[in-house]
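# Examination of the molecular architecture
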Amino acid sequence: MSDLPKLEISRRGVLAGTAVTAVLTGNPALGAHPTPTQGEAAPPMPVRFTVNGQDQRLSLDPRTTLLDALREHLHLTGTKKGCDHGQCGACTVLANGRRINACLSLAVMHEGDEITTIEGLGTPEKLHPIQAAFVKYDGYQCGYCTPGQICSAVAVLDEIARGVPSHVQADLMAAPRPTNLELRERMSGNICRCGAYSNIAEALAEVVGPAAAGAKA
Amino acid sequence: MRAFTYERAKDPIAAARAVAERPGAKFIAGGTNLLDLMKIEVETPTHLVDVQDLGFDRIEPTPEGGLRIGALVTNTDLAADARIRRDYAVLSRAILAGASGQLRTKAPTAGNLLQRTRCPYFYDTNMPCNKRQPGSGCAAIGGYSRPLGVIGVSKACIATFPGDMAVALRVLDAVVETVDAAGHRRAIPIAGFHRLWGDTPQQDTVLCPGELVTAVTLPRPLGGSHFYEKVRDRASFAFALVSVAAVIQPDGTGRAAFGGVAPRPWRVEAADLLLPQGAATVTARAFQGATPTRDNAFKLPLATRALAAVMAQAASRTKA
Ligand SMILES: Cc1cc2nc3c(=O)[nH]c(=O)nc-3n(C[C@H](O)[C@H](O)[C@H](O)COP(=O)(O)OP(=O)(O)OC[C@H]3O[C@@H](n4cnc5c(N)ncnc54)[C@H](O)[C@@H]3O)c2cc1C
Ligand code: SF4
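First things first, this report covers the structure right here in the doc. What you see is a predicted model, and the numbers here were worked out from it, not measured in a lab.

The rules behind each value
- Residues numbered from 1 in each chain as written.
- Chains lettered and ligands numbered in written order.
- Predicted model: local features only at pLDDT ≥ 70, side-chain atom pairs only at ≥ 80, totals over all residues.
- Heavy atoms only, no water.
- Helix = DSSP H or I, 4+ residues; strand = E, 2+ residues; numbered from the N terminus.
- Buried < 20%, exposed > 50% of the residue type's maximum accessible area, 1.4 Å probe, protein only.
- Contact = heavy atoms within 4.5 Å.
- Buried area = accessible area lost by both parts, 1.4 Å probe.
- Salt bridge = Lys/Arg side-chain N within 4 Å of Asp/Glu carboxyl O.
- Polar contact = N/O pair within 3.5 Å; in protein donor to acceptor, adjacent residues only side chain to side chain.
- Pairing = 2+ DSSP bridges.
- Near = heavy atom within 4 Å.
- Nonpolar A, V, L, I, M, F, W, Y, C, P; charged D, E, K, R; others polar.
- Phe/Tyr/Trp six-rings, centres within 6.5 Å; stacked < 30°, edge-to-face > 60°.

Moving on: the overall build of chain A. If you tally the helices and strands in chain A, you get seven helices and five strands. Mapped in sequence order, the helices and strands of chain A form the string α-β-β-α-β-β-β-α-α-α-α-α. Looking at chain A as a whole, 48% of its 217 residues qualify as buried. Taking the intrachain contacts of chain A between residues at least 6 apart in sequence as the baseline, contacts between residues at least 24 apart amount to 58%.

The following block contains the structure:
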C-alpha cells in the first residue's frame, strides 16, 4: 500500500465536485457537507472527548453533529456522511465501545466519551482482522459505506459475544451464534448501494470462523 | 438546523423546570428522532435539555412482582435483559424488530415512546400538515396514505404512531411514570398515554410541557407464549405496515395489540375475549368502525392474517 505513488486527487475532492451535480439533479444523497444551519448561532460550547485514544478539546456550535465534528473539525474523513438521517449507517462509529450513527448525535452530547472511528481500528500496515477480511472477500465496490460497515461489524461481534439477542433468533434465551442469518440481520442498519452484501457476509464468516458461520440458525 | 442552546441536566426536577419555564425548550435523550426532525426544521427547539445524566438507567423489581424500567435504559440493553427475555419476551421481540442495531444502542425507553409519526407529509415542509403546522390542512387525506392509519384517526390527521416497543407495552398493560417541574409524580397507563388525534393532532401524548418521563413499569409476568409479528416492506430495518403483539395462554385465551394502524398501539379488550374464536372474529371486533382509505384498506386483512399466523404458532407450541 505505502509504496504506491501518492495520488494527487483525494476521494474527498472528487465527492466535493460531484456533490454539485447531485444538487443539480435534485439528489441530496451525496451529502458530504456539514448539516446546513440557519439563523444566528448560539455561542460556541466547549466539549472534550477522546477519538481513537487521543484527547480532543473543541469549541463548537451546539448544532454540530458528532459526524461533522469528526470530519470537518478533526479532519478524520474516514467516517462517511451518507443520508445524514440514520437510514444508511455510513456514519457508524463506536462511542464507549457501542455502535451509533454519528449523524444523529450532537458532539456536545459526548463530553467525556471514548470515540473510535475507522482510523482507530487498524492501519494500512496492520489491518484490523475485519478490514483484512473485507479486502480478501471484496466486501465493497465503491467503498463509501465500508468504514461504517466495518465499525458496525466490530460492534456486532461484540454484541453477539455479550449475548445481545436479535430479531431472527428462534430462542431468545439461547446464546446467539454468528450464523449467516444472524450477521445479515444485525448488519441491516448498514446499507450498501453497490450491493456487496454477500461478500460482506463472507468476510464476516471468515472472521468468526467457518464452524460458527456455517451452522444453521 | 435552527440555532439552539444546550444544557446537560443534573437532576430530574431541574430538568423538568428547565423545559417548563422556557417556551421552545425540549428534552433530548438519544436524539435519534429529534435531531432527524431538527435537520429538516420540522422541530425547531430553541433550547435542549439533555437527560442522559439523570441516572434512570436501571431495571429493578417492583414490590408488586413486576419490573420498573428506567427511562434511560437503552433499547438494546432492555431487549437483552435476562428478566425481560424470560418473562416479557413480547417486549424483547418488539424492540428487536424495530430500527437498527445502531439506533437501538442510542435510543432509550423514553425517547422510543415519544418518537413522532412517520407520515411522509409530516416530514415534507412544503406540504400542508395539521400535525406540523396546526390549521394548515392534511395532505395525506386524498394523498398518499398507504402507510397511514385505518382506525382512531380523525378528519384533521390520519397518521399512525410508528413505534414497535409501545405495542408490546400495551399488551403488557405497562404504566408510564413522570415527574413535573413542581415535583408532582404521575403514573399514566400506557392505554391512555398516546392521544387519539381529534382536532389537535399536534399533541402526540397526554404529557404536559416539561413533564419528564422517568420510568415505565411492568405488572407481574403474564406467562403464556409471547409473539411480535411485524409485517413490513423489507425483511429488516423498516417501519411496520402492520404488527401484532400477543400473549397467548395454553388454553387459547390471551391478549393482542396492533401496531402501524392507529395513533396509538391499538388494543380492544373486548376483542381479546374473542381469541378462542379465531383471528377473524378478533379483528372484526378490534377494527369495528375502521375508516381505511383505498390505499391502506389492505391493512385490515393483513392484521387478521398476522394474528392468524401468531395463533397458529401458539397452537403448535401448545401441542409440542
Ligand atoms: C432510520 C430509522 C428507522 C427507524 N425504525 C424504527 C422502527 O422500525 N421501529 C421503531 O419503533 N422505531 C424506529 N425508529 C425510531 C427510533 O426508535 C426512535 O428514533 C428512537 O426510539 C427515539 O429515541 P431517542 O431517545 O433517540 O429520542 P429523542 O430523539 O432523544 O427524543 C424523542 C422525543 O422524546 C422526547 N423525550 C426524550 N426523553 C424524554 C423524557 N425522559 N421525558 C419526556 N420527553 C422525552 C424528546 O423531547 C423528543 O421529543 C427508527 C428511526 C430511524 C432514524
Ligand atoms: S396525516 Fe397527520 S401527519 Fe400526515 S399530513 Fe395529515 S395531519 Fe400531517
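Another point: the interface of chain B and chain A. Taken residue by residue, the interface counts 42 residues in chain B and 47 residues in chain A. Counting each side, the surface lost to burial between chain B and chain A is near 3500 Å², with a carbon and sulfur contribution of 58%. Sorting the residues of chain B by area buried against chain A places Met1(B), Lys39(B) and Gln102(B) first, and these three jointly supply 20% of that buried surface. There are two salt bridges connecting chain B and chain A. With its nearest N and O atoms 2.8 Å apart, the salt bridge here joins Lys39(B) to Asp84(A). There are 17 residue pairs in polar contact (both at pLDDT 80 or more) connecting chain B and chain A. Put simply, the parts of the chain that give the side of chain B that touches chain A at least two residues each are β1 (5-8), α2 (34-39), β3 (47-50), α3 (75-80), α4 (82-87), α5 (89-96) and α6 (101-106) of chain B.

Attention now moves to the pairing of strand β4 (residues 98-101) of chain A. All names here are of chain A. Sheet analysis places strand β3 (residues 92-95) next to β4, joined by four bridges and oriented antiparallel. Paired with Thr92 across the strands is Asn101, a residue of β4. Hairpin connection, β3 to β4: the antiparallel pair is bridged by two residues, and Asn96 has positive phi, about 50°.

We now examine the site of ligand 1. In the vicinity of ligand 1, 33 residues are found, and the nearest of them are Phe27(B), Gly31(B), Thr32(B), Leu34(B) and Asp164(B). Lying at an intersection of chains, ligand 1 is approached by residues of chains A and B. Contacts to ligand 1 include Val213(B), whose backbone N or O atom sits 2.9 Å from a nitrogen atom. Of all the secondary-structure elements, those providing two or more residues to the shell around ligand 1 are β2 (25-28), α7 (109-113) and β8 (212-218) of chain B.

This next bit is on the pattern of salt bridges. Residues and elements named next belong to chain B. Counted under the stated rule, the structure contains 33 salt bridges over all chains. Here Asp272 makes a salt bridge to Arg267, at a shortest N to O gap of 2.8 Å. Residues Asp272 and Arg267 agree in their burial class; the two are buried. Residues joined in a network through salt bridges with shared partners are Arg170, Asp173, Arg255, Arg267, Glu269 and Asp272.

A word on the site of ligand 2. Taken together, 13 residues lie around ligand 2, and Cys119(B), Cys129(B), Cys138(B), Cys157(B) and Ile158(B) are the ones closest in. Of the residues in the shell around ligand 2, the class split is 11 nonpolar, one polar and one charged.

Residue and element names in this part refer to chain B. Taken as a whole and judged by the stated rule, the model has two aromatic pairs over all chains. A centroid spacing of 6.1 Å and a plane angle of 75° characterise the contact between Phe122 and Tyr123, whose relative ring orientation is edge-to-face. Among the residues examined, Phe122 registers a relative accessible area of 1% and is labelled buried. For Tyr123, a relative accessible area of 21% puts it in the partly exposed group. A centroid spacing of 5.1 Å and a plane angle of 65° characterise the contact between Phe258 and Phe287, whose relative ring orientation is edge-to-face. Here the residue Phe258 occupies a position in strand β11 (residues 254-259), and Phe287 occupies one in the loop between α11 (279-286) and α12 (299-319), the gap between them amounting to 29 residues.

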